[in-house]
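In case you want the letters, here they are:
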Amino acid sequence: MDESKFIAAALHDASAVWQGPPLADLSARHVPDRLLGRRRSLLRADISVQWARWFVESVSDPVKYTHLEAAYPRIYGDVFAIVRKWFSDATFDEQRLLASSIASAVHGFVRRLQASRQRLPLSASERRLHLDLAGNPPRCWICGVPFDDQAIDKYLARDGRELPLPHLVDVLKPRGLSSQDLRIEVDHQMPLAQGGEGGENLSLSCGWCNRHKSERTSIYDVEGLVRSSGPNNFDIRSLPSPFWTVRLLALVGTCEHQDGCTASTNQSYLTVTPMNVLGSMNPTNLRVTCYEHDPLKEIRLQSRRSVEKLWSGSPRG
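Residues numbered from 1 in each chain as written. Predicted model: local features only at pLDDT ≥ 70, side-chain atom pairs only at ≥ 80, totals over all residues. Heavy atoms only, no water.

S.K.: Mind showing me how you'd approach the overall build of the chain here?
M.R.: Of regular secondary structure, the chain possesses 11 helices and six strands. Buried residues in the chain amount to 40% of all 317 residues. A separation threshold of at least 6 residues defines the contact pool for the chain, and within that pool the share at least 24 residues apart is 63%. (Helix = DSSP H or I, 4+ residues; strand = E, 2+ residues; numbered from the N terminus. Buried < 20%, exposed > 50% of the residue type's maximum accessible area, 1.4 Å probe, protein only. Contact = heavy atoms within 4.5 Å.)

Written as structure tokens, this is what we have:
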């Protein structure tokens, strides 16, 4: 089977990752679809964007232009010189087309980096408008949790007190370990540094989702190692990276129960669960679920102290 051959080439000889020929052989192999599972589109799309960005930034680093007020012609000139050197076998028209594509991307990155340093707070009327647009009751656009009255009062600056922490917290989506998790925050769906602006790009999210989403847009933006949960009484061996949870919730937005479910973030609070309880909780093994169809509902909510201990030994990416 192609799957067994690919796994053998990729994982059976750990020392091969430091040897050129085995790596060259692995790079030429096609990754079988069944290994990628139902997240194959996400896995391939995110890595394609990552590779494209790395290549563009290797041609011309956007950071060097952020303080130079560099216009597009300057960037294009620098890029074209590199393209002519690296792609000397291409025709002149092909070189110009590639340089234009790269320079446009770099120029966009520069403008976004500059804009991210000029982010302005919303006015009181703008805050109320976004609250009205967040539904009735208003919800986090990512996970669908409804905002309570205390969170709304704090968001509108009507009450400065910290929000009380819940007694029970979701083991796999530990929203509620800090008061920031419960706040209402204004989120750029597409991060400002990645090209997102204001207007329709702004939505309200809970503090937990906003903090772990940050400026990331790819599942490869966080550490990909297995996150051990340490000893616990819940039979949970690993924990999903919070950003993987946020990425799936924002991307899927509906319960993926095998028999169908109408729950979505527009009217329900969603979380994640493993497809295979024996497997590690990485992106290929996570699915979105409502709490009604949650196979882990018996152990899902635990005391805040227990969940905090569970996550204390794991990096919070």
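More follows now that the structure is in view.
S.K.: Would you mind going over the environment of aspartate 259 with me for this structure?
M.R.: Mapped onto the elements, aspartate 259 comes out in the loop between helix H10 (242–252) and strand S4 (270–274). Sequence spacing of aspartate 259 and histidine 293 is 34 residues, and the spatial spacing of their C-alpha atoms is 9.8 Å.

S.K.: Any chance you could explain a nonpolar patch on the surface here in plain terms?
M.R.: Taken together, the side chains of Ile7, Leu11 and Leu35 make up a nonpolar region of the molecular surface, amounting to roughly 250 Å² of accessible area. According to the relative accessible area criterion, leucine 35 is partly exposed, its value standing at 31%. (Patch = residues over 30% accessible without salt bridge, like charges linked within 9 Å, V, L, I, M, F, W, Y side chains within 5 Å. Areas by Shrake-Rupley, 256 points an atom, 1.4 Å probe, with all protein chains shown as cover. Salt bridge = Lys/Arg side-chain N within 4 Å of Asp/Glu carboxyl O.)

S.K.: What is the right way to look at the packing of helix H4 (residues 40–59) against helix H5 (residues 72–86) in this model?
M.R.: Following both chains from N to C, one finds H4 and H5 inclined at 105 degrees, their axes separated by 9 Å at the closest point. Compared by their axis directions, H4 and H5 come out roughly perpendicular. Taking contact as the criterion, the partners of Phe55, Ser58 and Val59 in H4 are, on H5, Val79, Ile82 and Trp86. Grouping the constituent residues of the contact of H4 with H5 by class yields five nonpolar, one polar and no charged. (Axes fitted to C-alpha atoms, helices over the stretch in contact; angles between N-to-C directions. Parallel < 35°, antiparallel > 145°, perpendicular 65-115°, else oblique. Nonpolar A, V, L, I, M, F, W, Y, C, P; charged D, E, K, R; others polar.)

S.K.: Would you mind showing me how to read the pairing of strand S5 (residues 286–290) here?
M.R.: Put simply, side chains in a regular strand alternate between the two faces of the sheet. The buried fraction of S5 is high, at five of five residues. Side-chain alternation along S5 places Leu286, Val288 and Cys290 on one buried face and Arg287 and Thr289 on a second face that is also buried.

S.K.: What exactly am I supposed to notice about the state of the cysteines here?
M.R.: By definition, a disulfide links two cysteine residues through a covalent bond between their sulfur atoms. Here the structure, examined in full by the defined rule, presents zero disulfides. In this structure cysteine 290 is a free cysteine whose sulfur lies 3.7 Å from that of cysteine 255, the closest cysteine sulfur available. (Disulfide = S-S within 2.5 Å.)

S.K.: I would appreciate a short explanation of the packing of aromatic side chains in the present structure.
M.R.: For any pair of aromatic rings, the description rests on two quantities: the centre-to-centre distance and the angle between the ring planes. Counted by the stated rule, this structure contains five aromatic pairs. Ring plane angle 85 degrees and centroid distance 6.3 Å describe the contact between phenylalanine 55 and phenylalanine 87, whose orientation is recorded as edge-to-face. Of this pair, phenylalanine 55 sits in helix H4 while phenylalanine 87 sits in the loop between H5 and helix H6 (92–116), placing them 32 residues apart in sequence. By relative accessible area, phenylalanine 55 is classed as partly exposed at 31%. Site record: aromatic cluster; members linked through ring pairs are Tyr72, Tyr76, Phe80 and Phe92. Taking NZ or CZ as reference, arginine 53 lies 4.1 Å from the ring centre of phenylalanine 109, over its face. (Phe/Tyr/Trp six-rings, centres within 6.5 Å; stacked < 30°, edge-to-face > 60°. Lys NZ or Arg CZ within 6 Å of the ring centre and 35° of its normal.)

S.K.: In this structure, what is going on with the environment of leucine 98? I would like to understand it.
M.R.: With respect to the secondary-structure elements, leucine 98 resides in helix H6. You can call leucine 98 partly exposed: its relative accessible area is 25%. The spatial distance from the C-alpha of leucine 98 to the C-alpha of arginine 84 is 9.8 Å, given a sequence separation of 14 residues. Leaving out residues up to four positions away in the same chain, leucine 98 has contacts with Val83 and Phe87.

S.K.: Is there a simple way to think about the side chain of aspartate 294 in this case?
M.R.: Position of aspartate 294 among the secondary structure elements: in the loop between S5 and strand S6 (301–303). Judged by its relative accessible area of 3%, aspartate 294 falls in the buried class. Once you skip the residues sitting within four places of it in the chain, aspartate 294 turns out to touch Thr273, Thr289 and Arg300.

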